[in-house]
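# Chains, contacts and geometry: an overview
Next come the chains, spelled out residue by residue.
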Amino acid sequence: MTASTDLVGHGTHVAGIAGGDGPAYDGIATEADYLIVKTNFQNTAIVEAVRWIFEEAKQLGRPCVINLS
């Protein structure tokens, strides 16, 4: 996997709603940690990304919730 920039901003917006912790507005889960994956939107890439996220969470001993926004 390689690093990517969110040029559209939708994922950044959704992440802020989910876990934002700012002076004016808080998200739903302010103490959440993020593991963000951007795909090419092909079915196999999405499945691989979901598999990888769950594997990383398992290795870290952390709960996992995935949002496919």
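Preceding this section is the structure that the text describes.
For the structure given in this document, a descriptive report is provided here. Bear in mind the structure is a predicted one, so any value in this text is a computation, not a measurement.

Rules of the game
Residues numbered from 1 in each chain as written. Predicted model: local features only at pLDDT ≥ 70, side-chain atom pairs only at ≥ 80, totals over all residues. Heavy atoms only, no water. Salt bridge = Lys/Arg side-chain N within 4 Å of Asp/Glu carboxyl O. Helix = DSSP H or I, 4+ residues; strand = E, 2+ residues; numbered from the N terminus. Buried < 20%, exposed > 50% of the residue type's maximum accessible area, 1.4 Å probe, protein only. Expected span 1.5 Å × (residues − 1).

## Brief notes about the pattern of salt bridges
- The full count for this structure, using the stated rule, is two salt bridges.
- Arg62 serves as the salt-bridge partner of Asp33, at 2.8 Å between the closest nitrogen and oxygen. Taken together, the residues Asp33 in the loop between α1 (10–19) and α2 (43–60) and Arg62 in the segment after α2 connect sequence positions 29 residues apart.
- With relative accessibility at 43%, the residue Arg62 sits in the partly exposed group.
- Glu48 serves as the salt-bridge partner of Arg51, at 2.7 Å between the closest nitrogen and oxygen. Separated by three residues within a single helix, Arg51 and Glu48 lie in helix α2, roughly one turn from each other.
- For Arg51, a relative accessible area of 43% puts it in the partly exposed group.

## Some words on α2
- Spanning 18 residues, α2 covers 26 Å between terminal C-alpha atoms, matching the ideal 26 Å at 1.5 Å per step.
- In the stretch just after α2, Gly61 is the one whose phi turns positive, near 70°.

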